[in-house]
Structure formats: structure tokens, C-alpha cells
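Coordinates in review
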Amino acid sequence: MTLDQWLILAILVATVVMFLIGRWRHDMVALAALLACVIAGLVDGSAAFSGFGHPAVITVACVLILSQGLQNSGAVDALTRVALPANAGTTLSISALIGLGALLSGFMNNVGAMALLMPVAVHVSKRLELTPGQVLMPLAFGTILGGMTTLVGTPPNIIVSGFRAEAGLGSFGMFDFTPIGVAVAAAGVIFTAVIGWRLVPARKQAGVEGFESGAYITEVRVDEGSKSDGLSLHEIEAELKDVDAQIIGIVQHEVKIIAANPGRRVHAGDILMLEAEADALKDVLSILGLKLEESVEDQEEETDSNDETKTDEDDDSEESKQSEIVLLELVVQPSSRLVGHSAKDILLRTRYGINLLAFSREGKRSMKRLRAINFQSGDLLLMQGPPEAIAEFAADNGCVPLAQRELRIPSKAKIWQASSIMLGAIAVAALGWLPAAVSFALGVLASMALGTVSLRKVYEAVDWPVIVLLGALIPVAGAMESTGTAALIATFLVDSVAQGNAIIGLLAILLVTMFLSDLMNNAATAAVMCPIAISISSVLNVNPDSFLMAVAIGASCAFLTPIGHQNNTLILGPGGFRFGDYWKLGLPIQVLVVAVSMPLLLIVWPL
């Protein structure tokens, strides 16, 4: 091995390890890998950022914007109302829901499709008397499977097409992925609807309006004269013996005490830190005469700011405002700007006039004060405030409301405009009249001109960490090829694993890609594996399309962990899932994907 090969291999291994550790965001890791290659002389400094102009990167950004147009127009809501049966049984209802998710994911960003259908899934689970997780996980997997079906369904497909073009073979067409993708998606949807949903752990159903959210960490304040004033922690817990709640800490005189002595007395002004189900909160407050800490502080601030004298009209106004206050659960999306920040950091009450009452994360406790907790993707937030303010907060910060939303359609014209723009862009690219990047860029321009995506929201619709990830890793992948490292890895796999057998080599690429995709970002997996796949096909002197398609399929099959795909992360909190819950349904689906795709790869893309 040459020095350059050792260097790029060391950078690649370090990059994958950092992806797996997950301590740093994937775009940071990718950018660090690119800069390391530049410093090591493996990538020319003048071409270091050429990846950001790559057609695959442009196409991904444009598809995200057009997907936002479909969401804003209400087109997906209208399709949902028409496509989903109202009173069907379990199998038909789940089939229709995940089938719709798969269909939408073929033509729009699958994370967007998942976010739009999550409230519908919660409603369906309630009607079918299932836990939300038993519907949310099938829906998440269905949207992931649907992304395999077209060029624009998921970023890995676009990346694979880009690498094929760079290899001098031209780009894949819009529907080149469809024969195998549809077969795999259909098999997965049918299996999940008939059998698979039964394999999903049925977590105890609880929470606001019957929705399971797992145990919340929340804070309650002891008022003067309340039943709890003067009681010991042991006596308070005895009062709560029939309620699904427990005391995990206390704040006295601004000093936080975790796991306090049961004999410690509670006094007025103290704050109790509770772990409780959302629907148990009202029972706790009623039994002990307590108030939610956020509500107490809000009242104090309002009292300080109001005049001392009030008229009857003022009282009526306050009563009217109070009647408009609601509780609503929100889930933090992977792309949310809240990730890494706390309620205190974002000035939640000052900016939006709403309260964070409680939060839930994968059934785990946090010993931090409520307002100091840094949010993560998949967290559940129990918010209190006017519905319009909570909706504004959710839209601004990338959160999904977990309640059946009212259908709000700006106009039928917007629906037709957004749908026509997306279908037109797909048709132009599919017919080969223009390259995909140009076709979808024209679609974005049309969306901006017609207002299906507002000018202010255009750049907010782009998942910038993914764009940075792709733009940074494309030159790194080029360095793997130019230094001969990809060919070296390919030769090792061919000699030691496949032993010269092309079919075994194809299976190895599919399995390795699937394994990596379960542990790191799927776009990063595709970018790393494409050069290796092309090199293996060259060593074996077989059709590279078979191996590139195997990479596309494998990169889209992240079903074993909550970190492999954003949709898996999105349901982590709402489903009350743990890390080890995903493989119970995910492993059978991955086996099914291999069983269906391998024969089809050999038939549709023969070696």
C-alpha cells in the first residue's frame, strides 16, 4: 500500500467510527474528513468544495423544497382523506396507511411524508385500539421502503446515480429503480400489514388523549395551604400510591436534591420533580393541591406586569383567554433547530408565550431542571398555551404535533399547482429532456413564482446538514478512487469473501451496505460504498449497475436501530421505544428485502 492509500484509509476509518459514535453531527464529521483529505494532499484545495455543485446535491436540495410545497398546499392532507378508509379493520387500515406512506415517499422527501402522516397514524391506532407504536413503526418502515422506488425517493438513489454518471456510464433514469424498488416495497408493506405490526412491542398506552408518550419528567410547586405543605416525601409518595407517578427530586431554596431522604419535609415554595405519565399529571395536582411550575411562574410574571386595578371586562377577557389554553404534545424532528438547545436558550415563553410543562425521552430520566434540558431528536414535549402559538412554535422549530390536525387548505389552486410542478419536474427528468438537477431546479423556480413555497421558507425547507454531508463526502469518495484505495478494498473483498464469485460479491455488497446503514447516515453509507461497488465490478469484470443498485437498496434498508434513518428517530419518543425494539420487526424485513432483491438484481440488472 502507498502512503496515500494508508492516509485515505485512516481518514475513512476515523470518519466511520465518528459516525458510529454519534457524538458529533454527521455534517461536521463529513466536513472534517474533507479538510483532512485536503491537508493530507489527497484532495486538491482548489477543488475541495466542488462537491457542493454536484448534480446529486442540487437534486436533493430541490426535491426537499418541492416536497415542502406539497406539504404547504395541503395536497397530502387531501390525498390522505381520500385514500384512507374510515372504518376498515386492522389489516386493511394499516395496509392503506403504510401503502400511502410508501407512495408519497417515492415522490417527496420520506421524512416529510412521515411527519405529515404521524398524526394520522396516532388517530388510526386509537381507532383500532392499538398502541401508537404498533402503527408508527410500520409507517416509518413503509416510508423508508417507498423511497427505493424512484430516483428522487431518497438521497442514496440520487448519490448512486451521480457515481454512475462520474464512472462514464450516464445517470440512472427516474424509474430505473422502480422494478426492484416496487417489488421490495410491496413485499415489505404486505408483510408488515399482515404479520409485521404484531411483532412491534406493545408499550403500555398512556398520555394525553390516550397517546403513549412514556414517563414525563415534570416539575410541580407546593403552594401555601396545599395538602402537601408540611408532609414528608414518604407521606407524599403514600398519597400517590394509586397514581402512576413518583418523586425523583426536590428543589428547596434553589438547591436541587436528587433521591432525597424520604423523611425530608416539603414546604410552600418548594418544587417537586416528578416522573409521571401525562394523563396522571391532573391526578397528582388534584391529590396534593400542587401547580405545574411553568404555570406558576407564568402567573407570577403576568401578575407583576398587570395593573393593580382590574375591571369586570378585564376579568371576562382573562377568562376568555384561559379557555383558549390547550395542552399539546410535540415531537422534535431530527432536523429541528431545537436539537442541542434548551427552553431557556430559545426564550420559549418570551418569544412564543407558551410553556414547556413536561418532556419525555425514550423512557429515560433526566436529572436536569426542566428548562435546562437540551432537546434531542425524538423527544416529546408537553406544551401549554394558545393553539395558534403552539402551532407557530412547532412550524418555526421543526416539531410535529401528535394530534389529528384539522384540514387547512389555502386553496384548491395551490394543491393543483404544487402537484403539477412536482409531476412536471419528474416527467421532464424521466423523459430525458433535461438533467434531473436542472428539471427540479426549474420546479423550485416555478414554486417560488407561484407561491406554493414562500420565498422566506425556501431555504428553511432544505436539510442543510444533509447537503453539507453530501458536498463534503463526494470529494472524499473521489480520493478513494484516485488513490486506488477503493480498488484495494474491492480486491480484498473479492479474494477473501466472494472468492471470485460475482453473486457472492453482490450479496456481500448488499449486506455490508445494509449493516452500515443501520449504524450511520444512509447518504454517507451510499457515498462510502459506491466507489467500492464500482471497483468490485471492475475486478470481477461484471456489470457495475448490479452492484450500484445493491448499494441503493442496502443504503435504504435501515430497520434495526433508531439512528439508521431519520424516520426511525422520529418515532422513538412517540412510540415509547427503546433502542432494542427496532430489530424485532426490522430484522424480518431486512431478510425479506434480501430474499426479494437478490433474484431481481440478477434478472433486471444481470451480471
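Quick note: structure is the one above.
Quick summary incoming for the structure in this document. Here the residue numbers are simple positions, counted from 1 along each chain's written sequence. Selection of residues for local features in this predicted model requires a pLDDT of at least 70, selection of side-chain atom pairs for listing and counting requires 80 or more, and totals for whole chains, interfaces and linings are taken over all residues. Just so you know, side-chain values use all the structure's heavy atoms and leave hydrogens and water out.

Strands here mean DSSP runs of E at least two residues long; helices mean DSSP runs of H or I at least four residues long; both are numbered from the N terminus. Counting secondary structure elements, the protein contains 25 helices and nine strands. In the protein, buried positions account for 54% of the 607 residues. Contacts are residue-level and defined by heavy atoms, with any inter-residue pair within 4.5 Å sufficient. The contacts in the protein between residues at least 6 apart in sequence include a share of 79% that link residues at least 24 apart. A total of about 25300 Å² of accessible surface is found on the protein, and carbon and sulfur atoms cover 59% of it. Here the term buried applies to any residue with accessible area under 20% of the maximum for its type, exposed to any over 50%, and partly exposed to those in between, with areas from a 1.4 Å probe on protein chains only. Each accessible area is a Shrake-Rupley estimate made with a 1.4 Å probe; only the visible protein chains count as cover when residues are assessed.

Compared with an ideal rise of 1.5 Å per residue, which puts twelve residues at 16 Å, helix 8 (residues 155-166) spans 17 Å between its outermost C-alpha atoms and is within 8% of the ideal. With ten of its twelve residues buried, helix 8 lies for the most part within the structure. Within the sequence span of helix 8, burial applies to P155, P156, N157, I158, I159, V160, S161, G162, F163 and R164. Just downstream of helix 8 lies G168, where phi reads positive at about 85°. To estimate how far a helix should reach, multiply one less than its number of residues by 1.5 Å.

Here the focus is helix 17 (residues 436-450). Taking 1.5 Å per residue, 15 residues should reach 21 Å; helix 17 reaches 21 Å between its end C-alpha atoms and fits that length. Looking at the buried positions of helix 17, the neighbouring elements they touch are helix 3 (55-73) and helix 16 (412-430). One or two steps after helix 17, the chain reaches G451, where phi turns positive at roughly 85°.

This paragraph deals with the pattern of salt bridges. Every case where a carboxyl oxygen of Asp or Glu lies within 4 Å of a side-chain nitrogen of Lys or Arg is listed as a salt bridge. Taken as a whole and judged by the stated rule, the model has three salt bridges. Among the ionic pairs, R164 bridges to D545, the shortest N-O distance being 2.7 Å. In this pair, R164 sits in helix 8 while D545 sits in helix 23 (residues 544-555), placing the two residues 381 residues apart along the sequence. Judged by its relative accessible area of 14%, R164 is buried. For D545, a relative accessible area of 7% gives the class buried.

Take the side chain of N522 next. Tracing the backbone through its elements, the reader meets N522 in helix 22 (residues 522-540). Overall, the relative accessible area of 9% leaves N522 in the buried class.

To continue, consider the packing of aromatic side chains. Two rings from Phe, Tyr or Trp (for Trp, the six-membered ring) form a pair when their centres are within 6.5 Å of each other. A pair whose planes differ by under 30 degrees is stacked, one over 60 is edge-to-face, and the rest are tilted. Taken as a whole and assessed by the stated rule, the structure comprises six aromatic pairs. Ring centres 5.3 Å apart and planes at 80° place the aromatic pair Y352 and F393 in the edge-to-face group. Of this pair, Y352 sits in helix 14 (residues 348-352) while F393 is found in helix 15 (residues 387-397), placing the two residues 41 residues apart along the sequence. The same class applies to Y352 as to F393, namely buried. An aromatic cluster of at least three residues, connected via ring pairs, comprises F172, F177 and W605. For a ring to carry a charge above it, either NZ of a lysine or CZ of an arginine must fall within 6 Å of the ring centroid while also lying within 35 degrees of the normal to the ring plane. The lysine or arginine in question, R164, covers the ring of F172, its NZ or CZ lying 4.7 Å from the ring centre.

Moving on to the nonpolar core. Only buried residues count toward a nonpolar core, which is a set of Ala, Val, Leu, Ile, Met, Phe, Trp, Tyr and Cys residues joined through side-chain atoms within 4.5 Å. Of all hydrophobic cores here, the largest spans 144 residues; its most connected members are F141, F440, I509 and I536. Looking at this core element by element, the count peaks at twelve residues for helix 22. Other than its neighbours up to four places away in sequence, I536 contacts A490, L493, V494, I509 and F547.

A few words now on the packing of helix 9 (residues 178-194) against helix 25 (residues 583-604). Inter-axis angles, ranging from 0 to 180 degrees, are taken between N-to-C directions of lines fitted to C-alpha atoms, where helices are fitted over the stretch in contact. In contact at an axis separation of 9 Å, helix 9 and helix 25 are set at 150° when each is read in the N-to-C sense. Considering the angle they form, helix 9 stands roughly antiparallel to helix 25. Read as a crossing pair, helix 9 and helix 25 show a hand that is right-handed. Contact with helix 9, carried on its side by P179, I180, A183, V184, A187, G188, F191 and T192, involves L585, P588, I589, L592, V593, V596, S597, L600, L601 and V604 of helix 25 and no other residues of that element. For this classification, the nonpolar set comprises Ala, Val, Leu, Ile, Met, Phe, Trp, Tyr, Cys and Pro, the charged set comprises Asp, Glu, Lys and Arg, and every other residue, Gly included, is treated as polar. Across the contact of helix 9 with helix 25, the residue classes break down as 15 nonpolar, three polar and no charged. In what follows, roughly perpendicular refers to angles from 65 to 115 degrees, roughly parallel to angles under 35, roughly antiparallel to angles over 145, and oblique to any angle outside these ranges. Note: crossing handedness is left-handed where the near helix turns anticlockwise from the far helix by less than a right angle, and right-handed where it turns clockwise.

What follows covers the environment of A472. Mapped onto the elements, A472 comes out in helix 19 (residues 464-482). For A472, a relative accessible area of 0% corresponds to the buried category. Between the alpha carbons of A472 and L31 there is a distance of 5.4 Å; along the sequence they are 441 residues apart. Among residues more than four places away in sequence, those in contact with A472 are A30, L31, L34 and F52.

Mapped onto the fold, V17 is located in helix 1 (residues 3-21). Residue classification places V17 among the partly exposed positions, given a relative accessible area of 39%. Taking the C-alpha atoms as reference points, V17 and V29, twelve residues apart in sequence, are found 9.9 Å from one another.

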